[in-house]
Protein chains: 6
Amino acid sequence: MSHCYLQCLRFSNVLSNHAVSVNGYVCKDPNLVQADDFFLSGVNVPGNTSNALGSYVTHFFVANYPALNTLSVSMARIDYAPYGLNPPHYHPRASEILTVLEGTLEVGFVTSSTYNPANQLISKVLQKGDAFVFPEALVHFQQNLGHSPAVALATFSSQNPDVNTIANTVFGTNPEIPSYILAKAFQVSKSVIKEIQSQF
Amino acid sequence: MSHCYLQCLRFSNVLSNHAVSVNGYVCKDPNLVQADDFFLSGVNVPGNTSNALGSYVTHFFVANYPALNTLSVSMARIDYAPYGLNPPHYHPRASEILTVLEGTLEVGFVTSSTYNPANQLISKVLQKGDAFVFPEALVHFQQNLGHSPAVALATFSSQNPDVNTIANTVFGTNPEIPSYILAKAFQVSKSVIKEIQSQF
Amino acid sequence: MSHCYLQCLRFSNVLSNHAVSVNGYVCKDPNLVQADDFFLSGVNVPGNTSNALGSYVTHFFVANYPALNTLSVSMARIDYAPYGLNPPHYHPRASEILTVLEGTLEVGFVTSSTYNPANQLISKVLQKGDAFVFPEALVHFQQNLGHSPAVALATFSSQNPDVNTIANTVFGTNPEIPSYILAKAFQVSKSVIKEIQSQF
Amino acid sequence: MSHCYLQCLRFSNVLSNHAVSVNGYVCKDPNLVQADDFFLSGVNVPGNTSNALGSYVTHFFVANYPALNTLSVSMARIDYAPYGLNPPHYHPRASEILTVLEGTLEVGFVTSSTYNPANQLISKVLQKGDAFVFPEALVHFQQNLGHSPAVALATFSSQNPDVNTIANTVFGTNPEIPSYILAKAFQVSKSVIKEIQSQF
Amino acid sequence: MSHCYLQCLRFSNVLSNHAVSVNGYVCKDPNLVQADDFFLSGVNVPGNTSNALGSYVTHFFVANYPALNTLSVSMARIDYAPYGLNPPHYHPRASEILTVLEGTLEVGFVTSSTYNPANQLISKVLQKGDAFVFPEALVHFQQNLGHSPAVALATFSSQNPDVNTIANTVFGTNPEIPSYILAKAFQVSKSVIKEIQSQF
Amino acid sequence: MSHCYLQCLRFSNVLSNHAVSVNGYVCKDPNLVQADDFFLSGVNVPGNTSNALGSYVTHFFVANYPALNTLSVSMARIDYAPYGLNPPHYHPRASEILTVLEGTLEVGFVTSSTYNPANQLISKVLQKGDAFVFPEALVHFQQNLGHSPAVALATFSSQNPDVNTIANTVFGTNPEIPSYILAKAFQVSKSVIKEIQSQF
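Residues numbered from 1 in each chain as written. Chains lettered and ligands numbered in written order. Predicted model: local features only at pLDDT ≥ 70, side-chain atom pairs only at ≥ 80, totals over all residues. Heavy atoms only, no water.

Visitor: It is not clear to me how the overall build of chain A should be interpreted in this structure. Could you clarify?
Guide: Looking only at helices and strands, chain A has four helices and 11 strands in total. Partitioning the intrachain contacts of chain A with sequence separation of at least 6 by distance along the chain shows that 70% fall at a separation of at least 24. A total of about 6,400 Å² of accessible surface is found on chain A, and carbon and sulfur atoms cover 50% of it. (Helix = DSSP H or I, 4+ residues; strand = E, 2+ residues; numbered from the N terminus. Contact = heavy atoms within 4.5 Å. Areas by Shrake-Rupley, 256 points an atom, 1.4 Å probe, with all protein chains shown as cover.)

Visitor: Mind showing me how you'd approach the relation of the copies chain A and chain B here?
Guide: Two copies of one chain are present, and they are related through a rotation about an axis combined with an axial shift. Mapping chain A onto chain B calls for a screw motion: a turn of 180° about the axis and a shift of 0.0 Å along it, with 0.0 Å RMSD after fitting. Classification of the inter-copy transformation places it as that of a two-fold axis. Both copies share a contact surface, since 100% of the interface residues of chain A are interface residues in chain B too. (Least-squares fit on C-alpha atoms with pLDDT ≥ 70 in both.)

Visitor: Is there a simple way to think about the interface of chain A and chain B in this case?
Guide: It is common to report an interface's size as the accessible area lost on association of the parts. Taken residue by residue, the interface counts 58 residues in chain A and 58 residues in chain B. Between chain A and chain B the total buried area reaches about 4,700 Å² when both faces are included, carbon and sulfur atoms providing 64% of it. Per-residue buried area on chain A facing chain B is highest for K184, F186 and Q187 of chain A; these three make up 12% of the total on that side. Seen at the junction of chain A and chain B, the total is zero salt bridges. The interface formed by chain A and chain B holds 20 residue pairs in polar contact (both at pLDDT 80 or more) in total. Broken down by secondary-structure element, the contributors of at least two residues to the side of chain A that touches chain B are strand 4 (85-90), strand 6 (105-110), strand 9 (140-144), strand 11 (164-165), helix 2 (166-171), helix 3 (179-186) and helix 4 (190-197) of chain A. Of the residues contributing to the side of chain A that touches chain B, the split by class is 34 nonpolar, 18 polar and six charged. (Buried area = accessible area lost by both parts, 1.4 Å probe. Salt bridge = Lys/Arg side-chain N within 4 Å of Asp/Glu carboxyl O. Polar contact = N/O pair within 3.5 Å; in protein donor to acceptor, adjacent residues only side chain to side chain. Nonpolar A, V, L, I, M, F, W, Y, C, P; charged D, E, K, R; others polar.)

Visitor: I'm lost on the domain arrangement of chain A in this one. Help?
Guide: All names here are of chain A. The domain boundaries assigned to chain A delineate domain 1 (2-159) and domain 2 (163-200). Each side of the interface is counted separately: domain 1 has nine residues, and domain 2 has four residues. Summing the contributions of domain 1 and of domain 2, the shared interface buries around 530 Å²; its carbon and sulfur component is 68%. Remark: the boundary between domain 1 and domain 2 carries two residue pairs in polar contact (both at pLDDT 80 or more). When residues in the side of domain 1 that touches domain 2 are grouped by element, the largest group, four residues, is from strand 4. (Domains from an automatic or database assignment.)

Visitor: Would you take a moment to explain the packing of aromatic side chains for this structure?
Guide: The description of two aromatic rings rests on the distance between their centres and on the angle between their planes. Summed over the entire model, instances satisfying the criterion amount to 45 aromatic pairs over all chains. When the ring of F109 of chain C is compared with that of F132 of chain C, the centres are 6.4 Å apart and the planes differ by 50°; the resulting orientation is tilted. Of the two residues, F109 of chain C is situated in strand 6 (residues 105-110) and F132 of chain C in strand 8 (residues 131-134); the sequence distance between them amounts to 23 residues. Residue class for F109 of chain C comes out buried when judged on its relative accessible area of 2%. An aromatic cluster is present here, built from F38 of chain A together with F109, F132 and F134 of chain C joined pairwise through their rings. (Phe/Tyr/Trp six-rings, centres within 6.5 Å; stacked < 30°, edge-to-face > 60°. Buried < 20%, exposed > 50% of the residue type's maximum accessible area, 1.4 Å probe, protein only.)

Visitor: What exactly am I supposed to notice about a nonpolar patch on the surface here?
Guide: On the surface, a cluster of nonpolar side chains totalling about 230 Å² of accessible area is made up of V125 and L145 of chain A together with Y180 of chain B. As for its position among the elements, V125 of chain A is in strand 7 (residues 121-126). Judged by its relative accessible area of 39%, V125 of chain A falls in the partly exposed class. (Patch = residues over 30% accessible without salt bridge, like charges linked within 9 Å, V, L, I, M, F, W, Y side chains within 5 Å.)

Visitor: Can you help me understand the interface of chain F and chain E in this one?
Guide: Contacts between the two partners involve 49 residues from chain F, matched on the other side by 50 residues from chain E. Carbon and sulfur atoms make up 70% of the surface buried where chain F meets chain E, a total of about 4,100 Å² over both sides. As a salt-bridge pair, K124 of chain F and D36 of chain E come within 2.7 Å of each other at their nearest N and O atoms. Our enumeration of links across chain F and chain E arrives at 12 residue pairs in polar contact (both at pLDDT 80 or more). Considering each element in turn, the side of chain F that touches chain E owes the most residues, four residues, to strand 7 (residues 121-126) of chain F. In terms of residue class, the side of chain F that touches chain E is built from 27 nonpolar, 17 polar and five charged. Pairing geometry for strand 8 (residues 131-134) of chain E and strand 1 (residues 39-40) of chain F, over two bridges, is antiparallel. (Pairing = 2+ DSSP bridges.)

Visitor: Would you take a moment to explain helix 3 (residues 179-186) of chain F for this structure?
Guide: Residues separated by three or four positions in an α-helix point in the same direction, a consequence of the helix having 3.6 residues per turn. Burial analysis of helix 3 of chain F places six of its eight residues in the buried class, the great majority of the element. By the burial criterion, the buried members of helix 3 of chain F are S179, I181, L182, A183, A185 and F186 of chain F.

Visitor: Help me understand the packing of helix 3 of chain A against helix 4 of chain A, please; the structure alone is not making it clear to me.
Guide: In helix packing, the relevant descriptors are the interaxial angle and the interaxial distance, both defined with respect to the helix axes. Residues and elements named next belong to chain A. Direction vectors running N to C along helix 3 and helix 4 enclose 110°, while the axes themselves pass 8 Å from each other. In this view, helix 3 runs roughly perpendicular relative to helix 4, as classed from their interaxial angle. The residues of helix 4 that touch helix 3, namely those facing S179, Y180, L182, A183 and F186, are K190, I193, K194 and Q197. (Axes fitted to C-alpha atoms, helices over the stretch in contact; angles between N-to-C directions. Parallel < 35°, antiparallel > 145°, perpendicular 65-115°, else oblique.)

Visitor: Got a minute to help me understand the pairing of strand 8 (residues 131-134) of chain F in this structure?
Guide: It is a general feature of regular strands that their side chains alternate between the two faces of the sheet. All names here are of chain F. Side-chain alternation along strand 8 places A131 and V133 on one buried face and F132 and F134 on a second face that is also buried. Pairing analysis gives four bridges linking strand 5 (residues 96-102) to strand 8, with the strands arranged antiparallel. Across the sheet, residue E96 finds its bridge partner in strand 8, namely F134.

Visitor: Explain the relation of the copies chain F and chain E here, please?
Guide: Expressed as a screw transformation, the operator carrying chain F onto chain E has a rotation angle of 180° and an axial translation of 0.0 Å, and the superposed copies differ by an RMSD of 0.0 Å. Comparing interface residues between copies, 100% of those in chain F also sit at the interface in chain E, which points to an isologous, same-surface contact.

Visitor: Help me understand helix 4 (residues 190-197) of chain E in this model?
Guide: Along helix 4 of chain E, the residues that are buried comprise V192, I193, I196 and Q197 of chain E. When helix 4 of chain E is viewed along its axis, its buried side chains cluster within an angular range of 135° and face the same direction. (Arc of directions from axis to C-beta.)

Visitor: It is not clear to me how the sheet that holds strand 10 (residues 150-156) of chain D should be interpreted in this structure. Could you clarify?
Guide: Sheet strands pair by backbone hydrogen bonding; their relative direction is either parallel or antiparallel. In spatial order, the strands read 1(B)-8(D)-5(D)-10(D)-3(D)-2(D); together these six strands make up an open sheet with antiparallel pairing. Two strands in the sheet have a free side with no partner beyond their single neighbour: strand 1 (39-40) of chain B together with strand 2 (55-60) of chain D.

Visitor: Even after reading the chapter, I still don't get the sheet that holds strand 2 (residues 55-60) of chain E, so can you show me in this structure?
Guide: Reading across the sheet, the six strands line up as 2(E)-3(E)-10(E)-5(E)-8(E)-1(F) and stay open at both edges, with antiparallel pairing between neighbours. Of all strands in the sheet, those bounded by a partner on one side alone are strand 2 of chain E together with strand 1 of chain F. As paired elements, strand 2 of chain E and strand 3 (residues 74-80) of chain E share six bridges and run antiparallel to each other. Bridged to V57 of chain E within strand 3 of chain E is I78 of chain E.

Visitor: Where do I start with unusual backbone geometry in this structure?
Guide: If a residue is not glycine, its phi is most likely negative; likewise, a peptide bond is most likely trans. A cis amide bond, omega -5°, links N174 of chain A with the succeeding residue P175 of chain A. Structurally, the position occupied by P175 of chain A is in the loop between helix 2 and helix 3.

Visitor: It is not clear to me how the side chain of D79 of chain A should be interpreted in this structure. Could you clarify?
Guide: With respect to the secondary-structure elements, D79 of chain A resides in strand 3 (residues 74-80). Leave out the neighbours within four places in its chain, and D79 of chain A touches V45, P46, G47, T49, G54, S55, Y56, A150 and V151 of chain A.

Visitor: Explain the side chain of D130 of chain F to me, please; I cannot follow it from the model alone.
Guide: In this structure, D130 of chain F sits in the loop between strand 7 and strand 8. Buried charge without a partner: D130 of chain F forms no salt bridge, and the closest opposite charge is K124 of chain F, 7.3 Å away. At a separation of 2.8 Å, a polar atom in the side chain of D130 of chain F contacts the main-chain amide nitrogen of Q127 of chain F. Contact partners of D130 of chain F, with chain neighbours within four places excluded, come to F39, L40, S41 and G42 of chain E together with L98, T99 and V100 of chain F. (Lys, Arg positive; Asp, Glu negative; His and termini not counted.)

Visitor: Teacher, can you tell me more about the environment of V45 of chain B here?
Guide: Here V45 of chain B lies in the loop between strand 1 and strand 2 (55-60). When its relative accessible area of 48% is taken as the criterion, V45 of chain B is described as partly exposed.

Visitor: Can you help me understand the environment of H89 of chain E in this one?
Guide: Residues and elements named next belong to chain E. In this fold, H89 is placed in strand 4 (residues 85-90). The spacing of H89 and I166 is 77 residues in sequence and 5.3 Å in space, taken between C-alpha atoms. With residues up to four places along the chain from it excluded, the contact list for H89 reads L138, V139, H140, Q142, V163, N164, T165 and I166. Within polar-contact distance, the side chain of H89 engages the backbone oxygen of P87 at 2.7 Å. Polar contacts involving the side chain of H89 include one to the side chain of H91, which spans 3.5 Å.

Visitor: Just checking my understanding: could you explain the environment of Q159 of chain B for this structure?
Guide: All names here are of chain B. When you line up the elements, Q159 lands in the loop between strand 10 (150-156) and strand 11 (164-165). Its relative accessible area of 2% is what places Q159 among the buried residues. For the pair formed by Q159 and I78, sequence separation is 81 residues and the distance between their alpha carbons is 17 Å.

Okay, structure coming up:
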């Protein structure tokens, strides 16, 4: 169980020398542990939102915050340009609480296709100080409704939530998913599919 | 833990009368348990593939196979018409082994957007007797490559894997996700979005 | 497993009528779920720090944020008066990431008595935008070093982390732990013990 | 948790060179992962049932299907000669769904000795397309009732279910369990015990 | 997770009135909890070993020690008459540490049939103050080697380990497993099988 | 999961040569496993209670009983001089059953500070053969009430429960927790704090 061991830090040298990773990360010798192993800075640094979506997500997952190893929790900071969008995506291994630090966001998630009622959009407009829950592995998004930047802090129930952005996962893969598959899946012509694929 | 209790069957009467469900299902009195509580029929019955996608998935999840309660395993039978497609989808709570019982299938899954390398399509053509693994919560699909029907059996690592079909989860929600959000997410015009949404 | 079910909300009426709780909370009928069930407000509202310690912790645990049921994550907001202290305490069921939103905090945790090296204090001064990890169930504290109020946001790896404040758990119990036990445990006279107990 | 990591493949070279195994398997470098790492063939290949029991079990566990590492699911194919038997056995670490692909099987499992009612045989005759659940670690068996071969597919809730065949575990150990112990346990003479032991 | 909640006691009245059990036990109102809810007596009371096996196991599982609910631990006291036997059995849901309080015991367990090396008997003679580990769900036994009574204390990694005694689970079921199945499984005549079955 | 693998022993040579530990312990080659790997002696050996507290705890955790690796259970023997005290402490990763083997003990634990009712002392006097449960990570103690030595056996729900003794964790850390923090936390003068700190 993840709570079986006190604190297990990634021991970078071993990893890089051996080029081996196990079901988790190798641990640092407890005698060598120091305060900086538990420390993180930069949560207050805005990400660069000058991109097509107008948003930027800074992840604080175990890969760049090794103190989280075995602890089943992590974070992310999300910056939104005016009218910026954190597009539909899901986290394969985590539930999320999103807290609005600045601005006004329209947020939503979609229930599963076999859930009853199916494919229900659960959405709400959030103000500064509001929070919303996105249950594990469900598609969700946030849209900045204001003409000022917005900021949110997300907390996750896994050290390694991972992110699947729908547009990239379906239309921006390497290699591409064959267009005859996507055309049938989305019930549109191959040319529409190719138009979308060309964006990614 | 799910393995803490022998066998915990859903006690339908209690559920239907009380309209209450707990974190799982209510158990049947062990003195009333009989063989039929563990039994399922119809795995050999083809589903009706006369639909736009040319495929049909018959789920054997805990909701219709209550013996699976607490056991962390379930199944599905998938039928494919000639050139039928089980479109891109994912299971929020389960990994899957897909085994081909009849026919030839092109299958694939996509790695996560934050995974390195990101959004990689891992695909292969499977023949009868072949199997493929779709890790938990990753987008995957199967395409019948033959002009004959195909059949596959899927096994899952959860009693309740759930299914999120990408097209329905994004373009067929109730209510709809606003078109200005999807247009920005997929980098196409609102009219293309509305065209796709109109199919669902 | 906690990730076996989509979203399981506490159904308050059932709980209050039946005065019964199971190993978790009773679920709301999915057909009755709405956006407000996932919503929380007030994370931006400062707590009242006019008390002996000069700090106030506002918990957002499953008990007052029922959307968290089965999701293994929760939060707290901590306000510190100038030189205020969140005194030594531990969470029996959660690891924590503490992020400084405003001010300068001295934070620390103590390794276990059987850990090698034992009873090591791991501490650091944090500025705005810094974070620190307190591993599950270890004693930790935060001290505001500045003459201005400070604010931090804590995230936890459990829906119900619980809190054990050392001073209250040892010297403020109901009934009191006998003074001859505490005198021997802390190697001081009973009068010193009674002096401390009288504060709680 | 098993769902904390995307996909962790056994990296055979590392394992064989170092002769070390950890609590799981060492992972393959994600940049080297390819479709064949998730692929399995031969599920349609009948096992050789020309043996005393008239059955053969082909396991697809993590040891020979490394893609299953961390995914908590696995499979087996069971072939039965006419009137062949898969003898009483249990899986220490998995529940099972058995699906009949061909033929007619009498199947059963036994509840625990401390369960109430104790040592109850739960059995049923299955036809093609029927399935039956064997809860984790309970003794179960399948008997081909027909004069034609039969085939079943078993799915398990563990990547490494393991198998304990009662006859071999009790009467075929190395070294043997002393006959005075087995004679008392089964309440028969030592000569009967030795007769059974001589078969294994 | 079992460690998500403080202490969840079985609330007997609710259970008996409603004849319903969930995936665990219903909890007592925290305001009504008292010391006796955590208390057990009688661990020092010898069991009656005047039976064919010359042993008696007193279980302290969640069913008769409700304080253990959700805590993943339980115990048993085992008394052995001179040359008494605790016969081959396994616990479907727990590992065990057996500690000898009085006397001399020969103990052993058997590795799995698919384990390499398969069906290996791991055994040793224990004296007072010795302990031995029986890993989860493996067949094990203890034989008193002395002409005086012996006593052992067993601790388990589950609140509800359950017990499957091989002889009863195979030869003493209700109804009986058909003799043609057991004759083939143990490779002896039906008459030998019936002789054994008649003992149970 | 901890129950995914048969038996995983720490392979000391590998550990000492490589100076690396992973999220658990490295496993011994199954072909080299022997009975002594599962064996422990000395549970009947009294600890030396000639110290200020008049008690001694002998741990049988995975660190000195490697057979426990992955098995989620461990033990401790506690010896008490006449009127000896096992002082207030908690186990960050385990629940405990304490069984009195000899003597008369006053035992107690304290509920959490946010639990309702908060900081409640649950205590009872135990005689030989009595047991008491201390739920995971709650502060508890045992006081020998008699003028003869007492002995207890503790069983834990983790292979590595760890121990946090309150006095040492708060007043005996290295380096010390600043006295202005402890003075405010316990609402006494710095001189009282320094008096206590000087004892450790």
